[in-house]
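# Fold and geometry: a report
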Amino acid sequence: EFEETFVKPRNEPNPLVCCFGEAYKDFIPSVRVCVKQMDEDAYSTWKGLQWMPPEFARSPGTSPANVAISIARLAGKAAFIGKLGNDDLGKELLETLRENKVETKGVIVDQLRSSSLSRWKIERLGKRKLSMQCLRESAENNLDMSEVNMDILKEAKLFHFSSISLTTEKMCSTLMSAIDAARGFGSLIFFDVNFPLPFWISRDATWEAIEKAWTSSDIIKINKVELEFLIEDEGLAMRLLAKDSIASSWEEFQARKNQRFEYHYTLEQIAPIWRDNIKILFVTDGTYRIHYYTPKFHGDVVGTEDVIVSAFSCDRTGSGDTISAAIIRKLVAQPDIFEDQDRLERALRFVVAAGVISQWTIGAVRGLPTESAAQNLTEQMF
C-alpha cells in the first residue's frame, strides 16, 4: 500500500524554473539551533528569544534566491534573474547561487550601486501600524527590462516572483514586463506573495500595488496572516479552530481531546481574493496545514505544527521559501496535477516534509533540504 501511494513517476521531466527578484543577506537568530526536543517549560521561556535574540548569524537569503536554491536542492532546474553590486557581498551571493547549481547567466552586475545596502525609514502609524520608506536603493532594486535574459524566459516553464519586487517603481515595471514576456513564451506565473507587512499600510493600498501582478498570475501562494490581512478578517483561522474544538458533552471531549482539529476556509471566505485567472491558490499555515483551491476542487493537507518539532521555529528559517520551492518542483514535474486532487494532495505531503526539514535545521540557505531527505521524511510522517 505504501509503495502504491508514493510511487515516483518514471522519466520525470525536469523543466527550468525562473526565479526573478532580489538576492541579499538575511540575519537569522543564532539562538534558534536546538539539538534535542525541549520540554514545555523551557520552550515557553526560550521561544521569545526569536524576537529579541542576543546575536544573529548572517546568511545568503531572500525569497527568490532561496526558492531558486531550494528547487536545485530538490533535484530541479532553476535560474535566477536579478542584479547584484560589484562588491564582496555581490560576489559572495553570486558564488552561493553557483555553488548550489542555480543558473546565473541572468544575473547582472551593477558597477555603480552596492549590494544589499538599502536604507529604510520606519515610522509608526498608530498602535499597530508601521510604514517603511526606501531612502537609498541598492543594485537589487534597479534591474532594467533591457537587462533581462530572454533566453531564460523562453526556456522556463514557470516564472516565480514575490511582492518585494513590487515595492520599488523600477523593479515593478521590469517585473510586469518580464511576466508579459514569460507568459508569451508559455510559462506559468507563480506569485509567492510573501508580504513584509510593515511595507503595507492598508488593505486598499496593498491591493492597488499588487492587483496587476495578482491578476497576471496562474498560481498564488499566501499564508494565513496574509490572507486575513487581504480579506480584513484578522484571527479567522483561530475562530474556525475554536469553533471546531468545542465539544457538546464530556464524552465527546474525551473522544476528541487527542484529535487534530480541522479547519478549512470556505469558498465564500476566500472569495474576496479569488480571480478567474487563478489555476491554484495555496493558503499555508506553516507546516501545520496547507489549503488549496482550484476552479474544480478545494481542500487541505494536514502536516505538523512547526513549534512542536523545533524550539525556535519561525519565519526566518526559510521554511516558507522551501514550501514554495517544493510546490513548484511538483507542479512543473507533473503538469496535469491541476486536474487531479489525489495527486495534488500527495504532492503537498512532500511539500510539508520539505518545510519541516527547513524548520529543524539552522535556517536560510544552510537548512534547505535535498529531495531524498524530503521524500524520506514524507514516508515517515504520512
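Our subject is the structure listed above.
Let me begin by describing the structure that accompanies this report. (Residues numbered from 1 in each chain as written. Predicted model: local features only at pLDDT ≥ 70, side-chain atom pairs only at ≥ 80, totals over all residues. Heavy atoms only, no water.)

### Some words on the overall build of the protein
- Helix and strand counts for the protein stand at 15 helices and 13 strands.
- Looking at the 382 residues of the protein, the share that counts as buried comes to 50%.
- Put simply, of all contacts in the protein between residues at least 6 apart along the chain, 76% involve residues at least 24 apart.
- When the accessible surface of the protein is split by element, carbon and sulfur atoms take 51% of a total near 18,200 Å². (Helix = DSSP H or I, 4+ residues; strand = E, 2+ residues; numbered from the N terminus. Buried < 20%, exposed > 50% of the residue type's maximum accessible area, 1.4 Å probe, protein only. Contact = heavy atoms within 4.5 Å. Areas by Shrake-Rupley, 256 points an atom, 1.4 Å probe, with all protein chains shown as cover.)

### Focus: helix H4 (residues 88-99)
- Between the first and last C-alpha of H4 there are 16 Å, a value that for 12 residues agrees with the 16 Å anticipated at 1.5 Å per step.
- Buried within H4 are the following residues: Leu89, Gly90, Leu93, Leu94, Thr96 and Leu97. Seen end-on, H4 carries its buried residues on one side only, within an arc spanning 155 degrees. Exposed positions of H4 whose direction lies more than 90 degrees from the buried face are Asp88, Lys91 and Glu99. (Expected span 1.5 Å × (residues − 1). Arc of directions from axis to C-beta.)

### Digging into helix H6 (residues 169-184)
- Taking 1.5 Å as the rise per residue, H6 with 16 residues should run 22 Å; its terminal C-alpha atoms sit 23 Å apart, in good agreement.
- Of the positions making up H6, those classed as buried are Met171, Thr174, Leu175, Met176, Ala178, Ile179, Ala181 and Ala182.
- The inward-facing, buried residues of H6 contact strand E1 (16-20), helix H5 (150-155), strand E8 (158-162), strand E9 (188-192) and helix H7 (203-215).
- Of the residues flanking the end of H6, it is Gly186, one or two places downstream, whose phi is positive at about 95 degrees.

### A few points about the nonpolar core
- Ile219, Phe282 and Leu348 are the most contacted members of the largest nonpolar core, which totals 50 residues.
- Every residue in contact with Ile219, bar those within four places of it in the chain, is listed here: Leu158, Leu188, Ile189, Phe190, Phe191, Ile280, Phe282, Leu331 and Phe338.
- Grouped together as the second largest cluster of nonpolar side chains are 46 residues, Ile189, Leu236, Leu241 and Val283 included. (Core = buried A, V, L, I, M, F, W, Y, C linked by side-chain atoms within 4.5 Å.)

### Overview of the pairing of strand E11 (residues 280-285)
- Within E11, 6 of the 6 residues are buried, which leaves the element mostly enclosed by the surrounding structure.
- Because side chains alternate across E11, one face comprises the buried residues Ile280, Phe282 and Thr284, and the other comprises Leu281, Val283 and Asp285, equally buried.
- Relative to E11, strand E10 (residues 219-223) runs parallel, the two sharing 5 bridges. The partner of Lys221 across the bridge, within E11, is Phe282.
- As paired elements, E11 and strand E12 (residues 289-293) share 5 bridges and run antiparallel to each other. Each residue of the ladder has a partner; that of Phe282, found in E12, is Tyr292. (Pairing = 2+ DSSP bridges.)

### Topic: the packing of aromatic side chains
- Throughout the structure, instances matching the rule amount to 7 aromatic pairs.
- Pairing Phe20 with Phe159 gives two aromatic rings, centres 5.7 Å apart and planes at 35 degrees, and the pair type is tilted. Highlighted residues: Phe20 in strand E1 and Phe159 in strand E8, separated in sequence by 139 residues.
- Judged by centre distance (5.0 Å) and plane angle (70 degrees), the rings of Trp207 and Trp214 are edge-to-face.
- For Trp207, a relative accessible area of 8% puts it in the buried group.
- Assessed through its relative accessible area of 0%, Trp214 is described here as buried.
- Among the aromatic residues, those joined into a ring-pair cluster are Phe20, Phe159, Phe161, Phe191, Trp207 and Trp214.
- Above the face of the Trp207 ring, Arg275 is positioned so that its terminal group lies 4.9 Å from the ring centre.
- Taking the ring centre of Phe350 as reference, the NZ or CZ of Lys330 above it sits at 4.3 Å. (Phe/Tyr/Trp six-rings, centres within 6.5 Å; stacked < 30°, edge-to-face > 60°. Lys NZ or Arg CZ within 6 Å of the ring centre and 35° of its normal.)

### As for the sheet that holds strand E4 (residues 77-85)
- Read across the sheet, 9 strands follow the order E5-E4-E1-E8-E9-E10-E11-E12-E13 without closing on themselves; strand pairing throughout is mixed. The open sheet is flanked by strand E5 (103-110) and strand E13 (298-302), the only strands paired with a single partner. Between one strand and the next, the sheet's axes are offset by a mean angle of 15 degrees, whatever the strand orientation.
- Here 5 bridges tie E8 to E9, and the two strands are oriented parallel to one another. When the sheet's bridge partners are listed, Ser162 is paired in E9 with Asp192.
- Contacts from helix H14 (residues 341-360) reach E11, E12 and E13, with the element oriented near 150 degrees to E12. (Axes fitted to C-alpha atoms, helices over the stretch in contact; angles between N-to-C directions.)

### Some words on the pattern of salt bridges
- Counted according to the given criterion, the structure contains 15 salt bridges.
- Across the pair Arg239 and Asp233 runs a salt bridge whose closest N-O atoms are separated by 2.5 Å.
- Here Asp233 falls in the partly exposed class, since its relative accessible area comes to 24%.
- Each of the salt bridges in this network shares a partner with another, and the network as a whole consists of Lys83, Asp110, Arg113 and Glu147. (Salt bridge = Lys/Arg side-chain N within 4 Å of Asp/Glu carboxyl O.)

### So, the side chain of Gln334
- Note that Gln334 resides in the loop between helix H13 (319-333) and H14.
- For Gln334, a relative accessible area of 10% corresponds to the buried category.
- Within polar-contact distance, the side chain of Gln334 engages the side chain of Arg343 at 2.8 Å. (Polar contact = N/O pair within 3.5 Å; in protein donor to acceptor, adjacent residues only side chain to side chain.)

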